[in-house]
Every structure is written in C-alpha cells, then in structure tokens.
Amino acid sequence: MLTVTATTAQAKDTRDVIFVGNNWEGMIDVIDADTYQNIGRINGIPDKRRRMTEILFNPVRLVFFKAVRYLIGEGHDQYVDDMYSTQDGRLLIVSRPSFADVVAIETATGKIAWRFQVEGYRSDHMAISPDGTRVAASW
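Each chain has its residues counted from 1, running along the sequence as written. Owing to the predicted nature of the model, reporting of local features is limited to residues with pLDDT of at least 70; listing and counting of side-chain atom pairs is limited to 80 or more, with chain, interface and lining totals taken over all residues. Just so you know, side-chain values use all the structure's heavy atoms and leave hydrogens and water out.

Peer 1: Mind showing me how you'd approach the environment of A127 here?
Peer 2: A run of DSSP states H or I qualifies as a helix once it reaches four residues; a run of E qualifies as a strand once it reaches two. Both are numbered from the N-terminal end. Its location among the elements puts A127 in strand 8 (residues 126-128). Placed 11 residues apart in sequence, A127 and S138 show a C-alpha to C-alpha distance of 9.1 Å. Beyond its immediate stretch of four places on either side in the chain, A127 contacts Y84, R134, V135 and A136. In this description, contact between two residues means that some pair of their heavy atoms is separated by no more than 4.5 Å.

Peer 1: Looking at this model, I keep getting lost on the side chain of D124. Mind explaining?
Peer 2: Along the chain, the position of D124 falls in the loop between strand 7 (112-117) and strand 8. Any pair of nitrogen or oxygen atoms within 3.5 Å is treated as a polar contact; in protein, a donor-acceptor pairing is required on top of that, and neighbouring residues in sequence qualify only through side-chain atoms on both sides. Separated by 3.0 Å, the side chains of D124 and R122 make a polar contact. Excluding anything up to four places from it in sequence, D124 contacts D81, D82, S95 and S138.

Peer 1: Help me out: how do you make sense of the packing of aromatic side chains in this one?
Peer 2: The geometry of two aromatic rings is summed up by the distance between their centres and the angle between their planes. The aromatic pairing rule takes the rings of Phe, Tyr and Trp, using the six-membered ring of Trp, and pairs them if the centres are within 6.5 Å, calling planes under 30 degrees apart stacked, those over 60 edge-to-face and the rest tilted. Counting across every chain of the model gives two aromatic pairs. The interplanar angle of 10° and the centroid separation of 4.0 Å between the aromatic rings of F64 and Y121 together place this pair among those described as stacked. Placement of F64 in helix 3 (residues 59-72) and of Y121 in the loop between strand 7 and strand 8 is noted, with a sequence separation of 57 residues between them. Taking the relative accessible area as the measure of exposure, F64 reaches 37% and is therefore partly exposed. Of the residues examined, Y121 reaches a relative accessible area of 38% and is grouped as partly exposed. Relative to F99, the ring of Y79 lies with its centre 5.4 Å away and its plane at 50°, an arrangement referred to as tilted. Exposure categories follow from relative accessible area, calculated using a 1.4 Å probe and restricted to protein chains: below 20% of the type maximum is buried, above 50% is exposed, and the middle band is partly exposed.

Peer 1: Can you walk me through the sheet that holds strand 1 (residues 17-21) in this structure?
Peer 2: Picture the strands of a sheet paired through backbone hydrogen bonds; they go either parallel or antiparallel. Two strands pair under a simple rule: DSSP has to find at least two bridges between them. Strand order in this open sheet of three strands is 1-2-3, and the pairing throughout is antiparallel. Unpaired on one side and paired on the other, strand 1 and strand 3 (38-43) mark the two borders of the sheet. Adjacent strand axes in the sheet meet at a mean angle of 25°, parallel and antiparallel pairs treated alike. As paired strands, strand 1 and strand 2 (residues 27-32) are joined by five bridges and run antiparallel to one another. Between N-to-C directions, angles span 0 to 180 degrees; the directions come from axes that are lines fitted to C-alpha atoms, helices contributing only their stretch in contact.

Any functional reading would require information that these geometric values do not contain.
Next up, the structure:
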C-alpha cells in the first residue's frame, strides 16, 4: 500500500526521489532527493498472498523458492531487488527474485499495472531502456 499522502501523489509539481527497497521486507521507501526526508512507502509485494498460493501448490517452484531463501537470501526471502522508475514517474519497475518475476507498480496507487514471470526460477538484476519502453531481467 502506498502511504504517500493524496496531496503529494496528486501534486502538479514534480520532485526527484530516491527509491530504497528493503529486499527482505518487500517495502520500498520513497526519499526526497533534496532533503533526504522519507515521504512515503510503496508495498513491493501487494500480491504476496496470491504469489505464495501459486508457489505452495507447485512443488518445483516451492523447491526453488526455498533455495532462494536459504542459499541466496541467507534465510530471508528476496522480495525487492532492482528498481527503476519510468521517465514520467508513473510506474516503478521492480524485480522480485523470490517470486521469479518483474512487476510495474503504479506509484500513485500502489497497484500492480503489469507482471511478467521470468522463464527461470529467480529474477535477478535488470535494466530499463533509455526511452523507458523495454525492460530486461536476468534469471
């Protein structure tokens, strides 16, 4: 859930922000780039219940989910890895290794605009094209 106030989310003026993701928690802090004040939070895993249900009912995915947790995540899930905002700031693109996907989260609402599941069992680093029209994720 996005906790930026309605005034901030609907403001006509824009500002530079820094997105700081907590990989283990799945939350993303929104920091004002000039003042370094925390101005809000975005939930990077608003669909956690749905993703976990899919994983629990798929034995192969469950094995890889646990492997990511215990071997790579040092006992923790990896919910938020790389993040990029679109040029207009409307979307935050997030790779989520434990869910083996990449999502676009609407910064104004915190809702998932789109989701892409990678072919492998763990999404990792990613990049966005300079024009913001393409995303590449490794797995």
